[in-house]
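Structural characterization, general
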Amino acid sequence: MRLKRIVLGLLALVGAGVLMACTPSTQTADFQSFVEGQMDIRNHFEYQGDKITLMETTTTLIYSAYGLDGPEAAEEYALAQGIENWDGIEGITHKVDYQEDRLIETTSIDMNKVDLATLNELMPIETTDGKIPEYLSYKLTKENFLNQGYTEVTDGNFKVLE
């Protein structure tokens, strides 16, 4: 009886190991769009296979580069651009920090929780057939970012906005 329990325990352990080996691992990637003295946009992705599971964006804008003279003017500008549309949506965490000389906006999108139709209203998702996809493709997103002039950051050494 004791031998039977040991064998069953080993089989359960092997089964768990097989399941873990078959689960796709999460990979990460980072991209940056940088204009010295003006802006720094950093995008962090987590994905499994081709499916993006998490997107995190940090955008820093220097007020003077946009003709703004301080936090109040920056907040008015941001509101005019519809920045508040990102607030209160399930799966999206959004924060804006109006500092003395710059605005820092952070947005995190949990792709397992956000409704893609709602996300499509905020940032149109381009597809060949014009329909809302079932998931965001990492391969297509990466290609799109590189075509827009973003640089892939593979070593964690982002340029720093002074």
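Residues numbered from 1 in each chain as written. Predicted model: local features only at pLDDT ≥ 70, side-chain atom pairs only at ≥ 80, totals over all residues. Heavy atoms only, no water.

Quick look at the nonpolar core now. Formed by 28 residues in total, the largest nonpolar core has its most connected members in Ile-52, Ile-109, Met-111 and Leu-119. Put simply, the parts of the chain that give this core at least two residues each are strand E1 (27-35), strand E2 (39-48), strand E3 (51-62), helix H2 (71-80), strand E5 (102-110), helix H3 (116-122) and helix H4 (138-147). Take this core: its biggest share by element is four residues, from E2. (Core = buried A, V, L, I, M, F, W, Y, C linked by side-chain atoms within 4.5 Å. Buried < 20%, exposed > 50% of the residue type's maximum accessible area, 1.4 Å probe, protein only. Helix = DSSP H or I, 4+ residues; strand = E, 2+ residues; numbered from the N terminus.)

It is a general feature of regular strands that their side chains alternate between the two faces of the sheet. Here E2 lies mainly inside the structure; seven of its 10 residues are buried. In terms of strand pairing, E1 meets E2 through nine bridges, oriented antiparallel. Pairing of Thr-28 across the sheet is with Glu-46, part of E2. Where E1 hands over to E2, the hairpin turn is made up of three residues, of which Gly-37 adopts a positive phi near 75°. Two successive antiparallel strands, E2 and E3, enclose a turn made up of two residues, where Gly-49 displays a positive phi of approximately 65°. (Pairing = 2+ DSSP bridges.)

Moving on: the environment of Gln-32. Mapped onto the secondary structure, Gln-32 falls in strand E1. The spacing of Gln-32 and Gly-149 is 117 residues in sequence and 8.8 Å in space, taken between C-alpha atoms. Sequence-distant contacts of Gln-32, that is, excluding residues within four places in its chain, are made with Asp-40, Ile-41, Arg-42, Tyr-150, Thr-151, Val-153, Phe-158 and Lys-159. Among the polar contacts made by the side chain of Gln-32, one reaches the side chain of Asp-40 at a distance of 2.8 Å. (Contact = heavy atoms within 4.5 Å. Polar contact = N/O pair within 3.5 Å; in protein donor to acceptor, adjacent residues only side chain to side chain.)

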